[in-house]
Amino acid sequence: MKNLMLTAAATFTAAFSAPSAKADYLEDNLVRQSHRVESYASSLRSEFRIHFRHTAEYGHLMSDAYSIARKADAIHGMVHHIHCEADLYRLETELRSLDRLVHHLGDLVEEATHGHGGGHAHGDTRHVQGLVSQMNRSIHSMESSVEAMEARFHRPICPAPPVYVHPRHPDHGHGHGHVDPRARLVEGVIRGIVRAVDKH
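Treat the numbers as computed from the prediction; the structure is a model and nothing was measured.

**Examining the overall build of the protein chain**
So, step 1. The helix and strand inventory of the protein chain stands at five helices and zero strands.
So, step 2. Taken from N to C terminus, the helices and strands of the protein chain fall in the order α-α-α-α-α.
So, step 3. Residues classed as buried in the protein chain amount to 30% of the 200 residues present.
So, step 4. Partitioning the intrachain contacts of the protein chain with sequence separation of at least 6 by distance along the chain shows that 79% fall at a separation of at least 24.

The structure is reproduced here in structure tokens:
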């Protein structure tokens, strides 16, 4: 009987832990890739100063690079507050905005390289477009992580915030404060296991 209960409890724990581990991996990837985008944006600002200072697009390039870094930092902050589908939707919306901005930056780099807007670039700029491509890959990786989270951890609405219940007065029985719903679920499952074992 004891072995049966331990096996059932272990199976129950594994079932709850697997999605959590997957979610942690996906969140870690989002954090890692957002840091990379910030790093690429910083590198691009340095490259813009070297190669595009004398182009008409220089100010626009620098402004977009700063905007990309800010958006990546905002996404990093959002990753730590994903509780439901609405949070994922906001994150997905921010990623789409970032993706559009990076593609726009790539177009600007092309224009500045060929002097379409006036002025001239200095030196070989192929590696600059390479940095933009690396940013795109990081963003696509983040988008894939969000899609995976939506597929595996779908929730229709955000849960209501927890409400603390004050303990009852001692004269009215033994009261308790707020109990985590997950604890009640685990308790119910264990009781069901015990009842099932008792029948045998």
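Next comes the rest of the description.
**Details of helix α2 (residues 58–79)**
So, step 1. Here α2 contains 22 residues, and its C-alpha end-to-end distance of 32 Å stays within 8% of the 32 Å for a straight helix at 1.5 Å per residue.
So, step 2. Among the residues of α2, those classed as buried are Y58, L61, M62, D64, A65, S67, I68, A69, A72, I75, H76 and V79.

**Points about the nonpolar core**
So, step 1. Of all hydrophobic cores here, the largest spans 37 residues; its most connected members are F48 and I68.
So, step 2. For this core, the secondary structure elements donating two or more residues are α1 (2–51), α2, α3 (85–113) and α4 (126–152).
So, step 3. Ranked by residue count, the leading element in this core is α3, at 10 residues.
So, step 4. The residues contacting I68, other than those within four sequence positions of it, are V37, A41, L98, L101, V102, L105 and M135.

**Observations regarding the packing of α2 against α3**
So, step 1. At their nearest, the axes of α2 and α3 sit 10 Å apart, and the two run at 160° to each other. As far as their axial angle goes, α3 and α2 are roughly antiparallel. Once α2 is placed against α3, the crossing between them reads as left-handed.
So, step 2. Along the lines of polarity and charge, the residues of the contact of α2 with α3 split into 13 nonpolar, four polar and four charged.

**Observations regarding the pattern of salt bridges**
So, step 1. Enumeration according to the criterion identifies four salt bridges in this entry.
So, step 2. A salt bridge links K71 to E94; the shortest N-O distance between them is 3.4 Å. With K71 in helix α2 and E94 in helix α3, this residue pair connects regions lying 23 residues apart in the sequence.
So, step 3. For K71, a relative accessible area of 21% translates into the label partly exposed.
So, step 4. Residue E94 is classed as partly exposed on the basis of its relative accessible area, which comes to 21%.
So, step 5. Taking the shortest distance from any N to any O, the salt bridge between R96 and E92 comes out at 3.8 Å. With a gap of four residues between them, R96 and E92 both fall in helix α3, about one helical turn apart.

**Structural notes on the side chain of H51**
So, step 1. Looking at the element boundaries, H51 is found in helix α1.
So, step 2. Looking at H51, its side chain comes within polar contact range of the side chain of H127, at 3.4 Å.
So, step 3. With residues near it in sequence (within four places) discarded, H51 still touches H120, A121, H122, G123, D124, T125, H127 and V128.

**Points about α3**
So, step 1. When the terminal C-alpha atoms of α3 are compared, their 42 Å separation across 29 residues agrees well with the 42 Å that a helix rising 1.5 Å per residue should span.
So, step 2. Positive backbone phi, at 65°, marks G115, one or two positions downstream of α3.

**A short note on the side chain of R45**
So, step 1. Mapped onto the elements, R45 comes out in helix α1.
So, step 2. Buried and without a salt bridge, R45 has E38 as its closest oppositely charged side chain, separated by 8.1 Å.
So, step 3. For R45, the contacting residues outside a window of four places in its chain are M62, A65, Y66 and A69.

About the criteria used
Residues numbered from 1 in each chain as written. Predicted model: local features only at pLDDT ≥ 70, side-chain atom pairs only at ≥ 80, totals over all residues. Heavy atoms only, no water. Helix = DSSP H or I, 4+ residues; strand = E, 2+ residues; numbered from the N terminus. Buried < 20%, exposed > 50% of the residue type's maximum accessible area, 1.4 Å probe, protein only. Contact = heavy atoms within 4.5 Å. Expected span 1.5 Å × (residues − 1). Core = buried A, V, L, I, M, F, W, Y, C linked by side-chain atoms within 4.5 Å. Axes fitted to C-alpha atoms, helices over the stretch in contact; angles between N-to-C directions. Parallel < 35°, antiparallel > 145°, perpendicular 65-115°, else oblique. Left-handed = near helix turned anticlockwise from the far one by under 90°. Nonpolar A, V, L, I, M, F, W, Y, C, P; charged D, E, K, R; others polar. Salt bridge = Lys/Arg side-chain N within 4 Å of Asp/Glu carboxyl O. Polar contact = N/O pair within 3.5 Å; in protein donor to acceptor, adjacent residues only side chain to side chain. Lys, Arg positive; Asp, Glu negative; His and termini not counted.

These figures capture arrangement, not role.
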